[in-house]
Amino acid sequence: MLLIALLLTVLGWHYVRQNVEAQARARFDDITRATQEAIERRTKAYLDAMFGARGLFYASDAVTREEWHNYVEGIEPNKRFEGLQAISYAEYLTPEEREEFVRRAREEGLPELRPDLVPGGERPAYYPITYTGPLDKANRRRVNQDVYADPAHRSVMDAARDSGSPRATGTVNVLTEPSPNSSADLALRPGFVVYLPIYQKGEPLGTVAERRRALQGFIVGSFKSHALLDGISKGPFERAIDFEVYDGANVASSPLLYDSDGILRGREENEVNTASSPLLYDSDRVRPREEGEGTLFSKDSRLEVAGREWSLYFATLPSFEKGVESNLPTFVLASGGAVSTVLFGITWMLVRSRTRAERASRDLEEANEELEAFSSETETRYRTLVEQIPAITYVQEPPGSSSPKAVTYVSPQYETILGYPPELNMIDKEHWLTTIHPEDRERVLAENARTDETGEPFKVEYRVIARDGRVVWLRDEASLVRDEEGHPLYWLGVQYDVTEQKQEAQERERIEQELRVARLIQQTLL
């Protein structure tokens, strides 16, 4: 009997340990997924700025230098696009147009076309940077520089021209302003360049040959990889996770674009041949992982940015591992062994003597108290893990229960995100209705009634009024949990704060609206 009890204890310990590890893994996966989505949103926002610049050309017969500078100032690159070193326009010139371009540049007091001629004669095409901004010292050096003369850029420009889509270079050096404590005039920092083709309006673009004939030039975005991605690691994400970005599909053989904590982990974990693993990143900012410095969880993923594949590597840091440490498996093993021993002793004493029955009963009661304490502590630890999720978790009774639509649990994030205290005596249906934005209330109630009737998952995005008057966008997702016989037990839901994503979408719409207004004003003036 003792052996059976100990075997059950070991099985319970193994189950609890797996459950703790699964919860930690789920937290790690949630954080990495949110981080990758933030990277995707950030790079898309930068590309949207380039598409907006292209729209400026399509909305006008001719874009002047002043109009270009006004657009660049309007997007506020130093505040909203810290990773954007320069956004430029490269004009397409044929060899016959080169002399006229050079003459016009001299008359306007602009730099010479450079490089002008390659040894042995003219080039088949020229793409000088005609407009650029913001006009700091480094970006002024770009004016009339022919980027097509560089083979690393030429192949990417050809691919963008033929596909009609933005295309990014590999890791290159980007000319920037020096650091504040540097004595140099300018600095080269690791980054990449994206080329977005502009075609002549009204020309057919159905085939590669037609796109080549219609090419007018390129919108050129020069990006500093560290400044571009640093906003992610300094944002509202879990700092107990390290993420590294590599320029290529293979972490071991691709250049490093970014490392959030400056300690190289992904390269060493995936590396096969160090000779084929270039580090085209500021080596002063990174160092190898120390011997014995392991990680609890790690994972690789892929991300496509302007036609180029990036590899993302995520790994837990010691602070994450400390946060998910749990003595629960050890407690289960120790208490289970103790309980098994006590029960065996009780049984043995009952068989030996009736005179020890009372003592055995007290021991049994103590053992039951230990089990109850263990159960209470388990529930507390589970609740603590749930309440670490950066979203509002709630449990609500189904319509057919004894307390229809009553909220039986809501996580503390309800107060963190919306400002309302999560006491159950005030969170009822009337409270919920008053917090929904009046313009969204009818739509939300209709979907709520439909899902109550059908039992389908409830998924709605709507606005709520926070306690301090803020308007917060929530993505509310709930599923109806049923018992084995299919009877409804409760609704289990999670509310995510998606205000930032909505604001980004509104900002893009505002920029597009401003461009349309600018086009209408220009047409009116003409």
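Not measured: the values here are computed from a predicted model. (Residues numbered from 1 in each chain as written. Predicted model: local features only at pLDDT ≥ 70, side-chain atom pairs only at ≥ 80, totals over all residues. Heavy atoms only, no water.)

1. Notes on a nonpolar patch on the surface
Point 1. The grouping of I4, L7, L8 and L11 at the surface amounts to a nonpolar patch, some 430 Å² of accessible area in total.
Point 2. Mapped onto the secondary structure, L11 falls in helix α1 (residues 2–58). (Patch = residues over 30% accessible without salt bridge, like charges linked within 9 Å, V, L, I, M, F, W, Y side chains within 5 Å. Areas by Shrake-Rupley, 256 points an atom, 1.4 Å probe, with all protein chains shown as cover. Salt bridge = Lys/Arg side-chain N within 4 Å of Asp/Glu carboxyl O. Helix = DSSP H or I, 4+ residues; strand = E, 2+ residues; numbered from the N terminus.)

2. Considering the nonpolar core
Point 1. Core analysis: the biggest nonpolar cluster contains 48 residues, and W68, I87 and I219 have the highest contact counts within it.
Point 2. Looking at this core, the element that brings in the most residues is α1, giving 12 residues.
Point 3. Non-local contacts of I87, meaning those with residues more than four positions away in its chain, are made with A49, M50, A53, W68, Y71, V72, Y131, T132, G133, I219 and V220.
Point 4. With 22 residues, the next largest nonpolar core counts L418, V444, A466 and W491 among its residues. (Core = buried A, V, L, I, M, F, W, Y, C linked by side-chain atoms within 4.5 Å. Buried < 20%, exposed > 50% of the residue type's maximum accessible area, 1.4 Å probe, protein only. Contact = heavy atoms within 4.5 Å.)

3. Points about helix α4 (residues 95–107)
Point 1. Taken as a whole, α4 has its buried residues at P95, R98, F101, V102 and A105. The arc enclosing the buried residues of α4, seen along the axis, measures out at 100 degrees, which places them on a common side. Away from the buried face of α4 by more than 90 degrees, exposed residues E96 and E107 are located.
Point 2. Elements that come into contact with the buried residues of α4 comprise β1 (84–91) and β2 (129–133).
Point 3. Positive backbone phi, at 70 degrees, marks G109, one or two positions downstream of α4. (Arc of directions from axis to C-beta.)

4. What about helix α6 (residues 151–163)?
Point 1. A rise of 1.5 Å per residue sets the reference length of α6, with its 13 residues, at 18 Å; its end C-alpha atoms lie 18 Å apart and thus fit the reference within 8%.
Point 2. Three or more residues of α6 are buried, namely H153, V156, M157, A160, R161 and D162.
Point 3. Considering only its buried residues, α6 is in contact with β3 (167–168), β5 (187–199), α7 (208–214) and β6 (215–224).
Point 4. Capping the start of α6, D150 holds a side-chain oxygen 3.0 Å from the backbone nitrogen of A152, two or three residues further along.
Point 5. Count one or two residues on from α6 and you reach G164, which has phi positive near 80 degrees. (Expected span 1.5 Å × (residues − 1). Polar contact = N/O pair within 3.5 Å; in protein donor to acceptor, adjacent residues only side chain to side chain.)

5. Here's the deal with the packing of aromatic side chains
Point 1. Under the definition given, this model contains 16 aromatic pairs.
Point 2. With 5.8 Å between their ring centres and 55 degrees between their planes, Y46 and F223 make a pair best called tilted. Taken together, the residues span a long stretch of sequence, with Y46 in helix α1 and F223 in strand β6 at a distance of 177 residues.
Point 3. Judged by relative accessible area, which is 4%, Y46 ranks as buried.
Point 4. One aromatic cluster in this structure is built from Y46, F81, F192, F223 and W310.
Point 5. One Lys or Arg, R154, reaches over the ring of Y148 and ends 5.6 Å from the middle of that ring.
Point 6. One Lys or Arg, K502, reaches over the ring of W473 and ends 4.5 Å from the middle of that ring. (Phe/Tyr/Trp six-rings, centres within 6.5 Å; stacked < 30°, edge-to-face > 60°. Lys NZ or Arg CZ within 6 Å of the ring centre and 35° of its normal.)

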